[in-house]
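An overview of the molecular structure
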Amino acid sequence: MTPGVNGHPLHDILEPVWQDVLRRNPAEAEFHQAVREVLESLGPVVAKHPHYVEAAIIERLCEPERQVVFRVPWHDDRGRVRINRGFRVQFNSALGPYKGGIRFHPSVNLGIIKFLGFEQIFKNALTGMPIGGGKGGADFDPKGCSDNEIMRFCQSFMTELHRHLGEYTDVPAGDTGVGEREIGYLFGQYKRMTNRYESSVLTGKGLGIGGARVRREATGYGTAIFVQEMLKERGMSLDGRRVVVSGSGNVALYAIQKVAAFGGITVACSDSDGVVIDEKGIDFDLLREIKEIERGRVADYAARRPGARHIPGGAIWDVPCEVAIPCATQNELTHHDATTLVANGCLAVAEGANMPTTPEAVRAFAEAGVLFAPGKAANAGGVATSALEMQQNASRDSWTFEHSEEKLTEIMRDIHRRCAETAETYGAPGNYVAGANIAGFIQVADAMLALGLV
Ligand code: GLU
């Protein structure tokens, strides 16, 4: 057993797999981090089920089925030629068509898309829906772009990507920088290029073009539901709890709304410019208007909300809370932040974003007995509701908000239960990271075995 980047020892059988991942994927730190975390969880599984090892299931899982990297040329409003790099990593299709979002952010590179695609395999498996794992994006910065520039970029991006998609092949959705507007432009271009109104080739569509109710809310709602389940199991609840949510995008916004519905008070959220603190509890309607309608910043919220304060460049995790919900981006919550949260009496953390907590921070929470829900489980409500959108598109149906929300709640409770039970079975009671990784792995691994060596 040897320690690695994430610090926990690896089972001997998994050491060569890990070394191989490092060798074949140089300089992809986030991908290494995501793989390492899963490998660290799989020790008891390979010890108990050697047939996964014999069939090289783990090596196969770590190698994407297909990776597409392409040039995205477009004209900005000044008529200048701009070039970005587009990606789609089709990681694993054992359970269904590749499924996962598209991220537009200047930090995007192949390693980031691979980490997200890898996590998506397990997350999607946990939803219990028939969806494989994939992820895509571009190193395009939508900040400050006009609506026309966004549209031209989306059209150019889809002009290349369309040949790799299909409702039975690969079904993207949104992620950071990609919301309903972008999905609409992407779908419009796909429709034009293929001459097919293939609704379920993309999810997260607007309601007028085949979108599903609750998809917009689903990731944030699902994360809050997961927190409520974790607390409920221990005789507690979100009612009256002080909550801090990082970020202020789609996931953060709807986590804040659902936390409030459970009686919790979100006292702070953030964006890349700083933190807003609102001791009375963030006013969801005002924040929604600023973010969704005006495409504004949290500083605008503070300016319009009596009593709220904006701290430019502030550290969100310095704000004392009982429940922390990181909804911004990968590795935003460090060991230092975790120590601060623990000292301030934090009792539960749930990842609304993908891998927002560094391995050192996860360890600090474990040592302090803080409940910790990994993104694969806690933020799976978004992709689960995407699968419900595919289901509605396939049957040319459209469900009510209530029915869709009921389905989401059921799915989140089921994910919570599976993670908790699996952790218990494999000797790690209360460890949702182990539970999520093992439960997701077994489901995908069994499907891969059934499909033969493909
Ligand atoms: N980007 C979201 C995620 O990280 C949703 C993906 C989807 O709906 O396909 O899970």
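Higher on the page you've got the structure.
Figured I'd write up the structure that's included with this text. Computed from a predicted model, the values in this text were never measured in an experiment. (Residues numbered from 1 in each chain as written. Predicted model: local features only at pLDDT ≥ 70, side-chain atom pairs only at ≥ 80, totals over all residues. Heavy atoms only, no water.)

Points about the overall build of the protein chain
What counts is decided by this rule: Here a helix means four or more residues in a row that DSSP labels H or I, a strand means two or more in a row labelled E, and each is numbered from the N terminus. Summary of the burial criterion: residues with accessible area below 20% of their type's maximum are buried, those above 50% are exposed, and those between are partly exposed, where the area comes from a 1.4 Å probe applied to protein chains only. What sets the accessible areas is the Shrake-Rupley method with a 1.4 Å probe; for residues, cover comes only from the shown protein chains. Counted charges follow a simple rule, with Lys and Arg positive, Asp and Glu negative, and His plus the chain ends left uncounted. The location of each charge is read from NZ of Lys, CZ of Arg, CG of Asp or CD of Glu.
Looking only at helices and strands, the protein chain has 18 helices and twelve strands in total. With respect to the three principal axes, the spread of C-alpha positions in the protein chain is 55 × 55 × 40 Å. Within the span of the protein chain, comprising 454 residues, buried residues form 58% of the whole. Of the accessible surface of the protein chain, which amounts to about 17,600 Å², a share of 51% is contributed by carbon and sulfur atoms. The averaged location of the 56 negative side-chain charges in the protein chain is 5 Å from the averaged location of its 48 positive side-chain charges.

Considerations on the site of the ligand
The condition is simple: Consider each residue's heavy atoms; a residue with any of them within 4 Å of a molecule or strand counts as near. Each polar contact in these results corresponds to two N or O atoms within 3.5 Å; when the atoms are within protein, one needs to be able to donate a hydrogen and the other to accept it, and residues that are neighboring in sequence are counted only if both atoms are side-chain atoms. Gly is placed with the polar residues, together with every amino acid not listed as nonpolar (Ala, Val, Leu, Ile, Met, Phe, Trp, Tyr, Cys and Pro) or charged (Asp, Glu, Lys and Arg).
Taken together, 13 residues are adjacent to the ligand, and Lys-99, Lys-123, Gly-174, Asp-175 and Ser-386 come closest. Contacts to the ligand include Lys-135, whose side-chain N or O atom sits 3.0 Å from an oxygen atom. One of the backbone N or O atoms of Gly-174 is found 2.9 Å from a nitrogen atom in the ligand. Burial of the ligand by the surrounding chains reaches 95%, relative to a free accessible area of 290 Å². Elements with a contribution of two residues or more to the shell around the ligand: strand E3 (98–104), helix H6 (110–127), strand E5 (170–174) and helix H16 (381–394). Looking at the shell around the ligand, the element that brings in the most residues is E3, giving three residues. Considered class by class, the residues forming the shell around the ligand number two nonpolar, six polar and five charged.

Observations concerning unusual backbone geometry
The backbone of Asn-331 shows a phi angle near 60°, a positive value even though the residue is not glycine. Counting through the fold element by element, Asn-331 comes out in the loop between strand E10 (323–326) and helix H13 (335–343). The exposure class of Asn-331 is partly exposed, given its relative accessible area of 25%.

Topic: the state of the cysteines
Note the cut-off: Here, the term disulfide refers to a pair of cysteine sulfur atoms separated by no more than 2.5 Å.
Counting across every chain of the model gives zero disulfides. For Cys-62, which is in no disulfide, the shortest distance to another cysteine sulfur is to Cys-419 and amounts to 19 Å.

A word on the nonpolar core
Defined as follows: The nonpolar core is taken to be a set of buried Ala, Val, Leu, Ile, Met, Phe, Trp, Tyr and Cys residues, with the residues joined through side-chain atoms within 4.5 Å. By definition, residues are in contact when any of their heavy atoms lie within 4.5 Å.
Among the nonpolar cores identified, the biggest contains 59 residues, and Phe-226, Val-276, Tyr-301, Ile-325 and Ile-415 are the most heavily contacted of them. For this core, the leading source of residues is helix H9 (residues 215–233), giving eight residues. In contact with Tyr-301, other than residues within four places in its own chain, are Val-276, Asp-278, Gly-281, Ile-282, Asp-283, Leu-286, Leu-287, Ile-290 and Ala-308. Counting residues in hydrophobic clusters, the runner-up holds 42 residues, among them Leu-42, Val-45, Val-108 and Ala-445.

A few points about the pairing of E5
The criterion, for reference: Two strands make a pair as long as DSSP finds a minimum of two bridges between them.
Of all five residues making up E5, four are buried, and the element is well covered by its neighbours. Pairing between E3 and E5: five bridges, direction parallel. By the bridge assignment for E5, Tyr-98 is matched with Asp-170.

Observations regarding H6
The condition is simple: Expected helix span is taken as 1.5 Å per residue step, with the number of steps being one fewer than the number of residues. One axis is fitted to the seven residues ending at the residue and one to the seven starting there. The bend at that residue is the angle between these axes.
Between its terminal C-alpha atoms H6 stretches 26 Å, which fits the 26 Å expected from 18 residues at 1.5 Å a residue. Taking the largest bend as the criterion, H6 deviates by roughly 25°, centred on Gln-120. For H6, a buried count of 17 out of 18 residues is recorded, marking the element as mostly surrounded by other parts of the structure. The opening residue of H6 is Asn-109, an N-cap whose side-chain oxygen sits 3.0 Å from the backbone nitrogen of Gly-111. Positive backbone phi, at 80°, marks Gly-128, one or two positions downstream of H6.

A word on the side chain of Arg-305
In this fold, Arg-305 is placed in the loop between helix H12 (298–304) and strand E9 (309–312). One polar contact links the side chain of Arg-305 to the main-chain carbonyl oxygen of Gly-281, over a distance of 3.0 Å. Once you skip the residues sitting within four places of it in the chain, Arg-305 turns out to touch Asp-278, Lys-280, Gly-281, Asp-283 and Leu-286.

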